[in-house]
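Breakdown of the fold
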Amino acid sequence: MAPPSRQYGPVNRSKSEAVDRSKELGADFLQLDAADAPPGGLTQWLARRLREAVADGRLPAGTRLPASRVLAAELGVSRGVVTDAYRRLAEAGQVAGRGRGGTVVVAGPVPAAAPPVPRPAPVIFRADPDPEVFGHLRAAPARIDLTPGVPDLAAFPRGAWLRAERAVLDGLAAHHLGYGDVRGAPALREAVAHWLARNRGIRADPDEVLVVAGTAQALALLGRALGHLGITEAAVEDPGSLGARQQLAHWLAATPPVPVDAQGIRVDALRATGAPAVLLTPAHQYPTGVVLGGDRRRELLGWASEGGLVIEDDYDAEHRYDRPPVPALRAALPNQVCYAGSISKLLAPALRTGWLLVPPRLRDAVLDAKRFADLGNPVLPQLALARLMESGELDRHLRLLRRRHRRRRDAVIAAIRTHLPGATVHGAAAGLHLMLTLPEELGRSDTELAAAALAVGVKVQPLSWHARLPYPPGLVLGYAAVSPGEIEEGVAVLGQLVRRAG
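Nothing here was measured: the structure is a model prediction, and the numbers come from that model.

Residue Pro239 is reached from Asp238 by a cis peptide bond, and omega for that bond is 0°. Within the element layout of this structure, Pro239 appears in the loop between strand 5 (235–238) and helix 9 (242–251). Residue Tyr286 is joined to Pro287 through a cis peptide bond whose omega torsion reads 5°. Among the structural elements, Pro287 can be located in the loop between strand 8 (277–280) and helix 11 (294–305). For Arg352, which is not glycine, the phi dihedral falls at a positive 50°. Tracing the backbone shows Arg352 in the loop between strand 10 (337–342) and strand 11 (354–357). Phi angles above zero are rare outside glycine, and Leu375 is one such case at about 65°. Structurally, the position occupied by Leu375 is in the loop between helix 13 (360–374) and helix 14 (379–391).

Written out as structure tokens, the structure is:
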């Protein structure tokens, strides 16, 4: 199918406009300048330039050429020069007149296709995954995608979002379309402050909120800011998110692993690393799903009050089913906790919107890192999101998601009981994923199991990606974005593969 016809401005111009245009030095269209034509050869010059543009792809099939009188006015030549040049291309079968549709490019030389350069397929399930692994995994085709980290994207509130955008545009002053505050739109920062107070127990002034492009950017900004302060190490949970660890490792010299048990991170092991900072997921540890226990929480806050810095990744705390809410660490010790959250697990990762709160000593360095990264997030999506937050639409959407995700969580647990009875389920009380540990005598590594599953159309993540310390083999399964029927089918496939391996 030919691409849509291209437009080159309004056709109807006043005589004065045409005169003014004739004083300009050439046309924007193909950067044509009649001064380049040889004496007496305007038509031949223009026809040749048009042919060259068709031949080299600057004017692909379907492109609408400027109206003859418009191009003539821009070049300061007679209209007959342009119409004659167009006629020559029409006779050669390169353009065609389409009445009110104008003159359109219909054909051009097709260059010989270069021989394809063979590229080896990426080895996705390696024991030491590189930073490109998640991109490779997302691109890999599969019938059933059980990878973690994605909410039910089909439930995105399109109607509410469109209403919010229309309301924002209806009331938007012209100056709001310029460069805004690098910290984010004031309306969204205020809405986030209210949201955190209601849902996470965090009291923050809107001026403390920095709008970022998701948690990934929050970690990148923190990594840069910590480096400026001379902090080159940040400990990480083990097992813990491979993606988050890779983000920090890009900016810092070391990310020592700290073991996680049934109460969360082991603070004694954290102290033993000597790291001055630590990245945590305390409300729903990734990937084990454990909640940082009360005694362990007090021990951690004691470590932080002695000068340690906590980076709190609150990535999916709003999704809970069978347990009460857990207050954020930031609420207890704001001067020692950097808090990162986003709407990736609530609305959609594609919106690339999140927020970051940092202690006063880090604020200027983080703000500078954001300023020199991108000058701030796009404003219009921020204002639409602020409207959803303040109107109650986002709360209603969260209640709907909890019901849908709970049904899918129940479906994946039931399927595991039927098809993987030897597996142990972890972290099912909240979140959008659960972790499976498999018997040590599995007979193959979990990366081999994940590769075998992908080969038959089921996509999962091996647990070993997220662990550097010794840990049982396992899988991390996401269930929010697939139907109960797909969950049943996918887990049945995994059960068959595990039985064959045993």
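Before going further, it helps to examine the sheet that holds strand 6 (residues 257–261). Consider a sheet: its strands pair through backbone hydrogen bonds, and that pairing is either parallel or antiparallel. On the basis of which strands lie adjacent, the open sheet formed by eight strands has the order 4-11-10-9-8-5-6-7 and mixed pairing. Looking at the sheet topology across the chains shown, the edges are occupied by strand 4 (210–212) and strand 7 (264–265). Note: strand 8 against strand 9 (residues 309–313), four bridges, orientation parallel. Among the inter-strand pairings, Val278 is bridged to a residue of strand 9, identified as Val310. Along the sheet, helix 7 (residues 186–200) makes contact with strand 4, strand 10 and strand 11, crossing strand 11 at roughly 75°. The sheet contacts of helix 8 (residues 214–228) involve strand 4, strand 8, strand 9, strand 10 and strand 11, and relative to strand 10 the element is tilted by about 155°.

Take the pattern of salt bridges next. Pairing is possible between side chains that carry opposite charge, provided their charged atoms lie close to one another. For the structure on display, the rule yields 30 salt bridges. The partner of Arg48 in a salt bridge is Glu52, and the shortest N-O contact between them spans 3.3 Å. Taken together, the residues span about one helical turn, with Arg48 and Glu52 both in helix 2 (residues 42–55) at a distance of four residues. Taking the relative accessible area as the measure of exposure, Arg48 reaches 40% and is therefore partly exposed. For Glu52, a relative accessible area of 35% puts it in the partly exposed group. Across the salt bridge formed by Asp128 and Arg126, the nearest N and O atoms sit 3.7 Å from each other. Given the relative accessible area of 53%, Asp128 is considered exposed. Among the charged side chains, a salt-bridge network with shared partners connects Asp84, Arg87, Arg88 and Glu91.

Right, let's talk about the packing of aromatic side chains for a bit. Applying the stated criterion across every chain, the model contains four aromatic pairs. Here the aromatic rings of Phe125 and Trp465 are separated by 5.5 Å at their centres, their planes lie at 25°, and the arrangement is stacked. Pair noted here: Phe125 is in the loop between strand 2 (103–105) and helix 5 (133–139) and Trp465 is in the loop between strand 15 (461–462) and strand 16 (474–478), with a separation of 340 residues, a long-range link. Residues Phe134 and Trp465 carry aromatic rings whose centres are separated by 5.9 Å and whose planes lie at 85° to one another, so their mutual orientation is edge-to-face. Of the two residues, Phe134 sits in helix 5 while Trp465 sits in the loop between strand 15 and strand 16, which places them 331 residues apart along the sequence. Under the relative-accessibility criterion, Phe134 is labelled buried at 18%.

Attention now moves to helix 11. For helix 11, spanning twelve residues, the distance from its first C-alpha to its last is 16 Å, which sits close to the expected 16 Å at 1.5 Å a residue. Among all positions in helix 11, only Arg296, Arg297, Leu300, Leu301, Trp303 and Ala304 are buried. Looking straight down helix 11, one finds its buried side chains confined to an arc of 155°; they lie on one side. Away from its buried face by more than 90 degrees, helix 11 exposes Asp295, Arg298 and Ser305. Tucked inside the fold, the buried residues of helix 11 contact strand 6, strand 7, helix 10 (267–273), strand 8, strand 9 and helix 12 (329–332). Looking at the residues trailing helix 11, positive phi occurs at Gly307, about 125°.

In terms of burial, strand 16 is a largely internal element, five of the five residues being buried. Burial along strand 16 is two-sided: the residues Gly474, Val476 and Gly478 and Leu475 and Leu477 are all buried. Sheet analysis places strand 13 (residues 433–437) next to strand 16, joined by five bridges and oriented antiparallel. Residue pairing for strand 16: Leu436 is matched across the bridge by Leu475.

Conventions adopted
Residues numbered from 1 in each chain as written. Predicted model: local features only at pLDDT ≥ 70, side-chain atom pairs only at ≥ 80, totals over all residues. Heavy atoms only, no water. Helix = DSSP H or I, 4+ residues; strand = E, 2+ residues; numbered from the N terminus. Pairing = 2+ DSSP bridges. Contact = heavy atoms within 4.5 Å. Axes fitted to C-alpha atoms, helices over the stretch in contact; angles between N-to-C directions. Salt bridge = Lys/Arg side-chain N within 4 Å of Asp/Glu carboxyl O. Buried < 20%, exposed > 50% of the residue type's maximum accessible area, 1.4 Å probe, protein only. Phe/Tyr/Trp six-rings, centres within 6.5 Å; stacked < 30°, edge-to-face > 60°. Expected span 1.5 Å × (residues − 1). Arc of directions from axis to C-beta.

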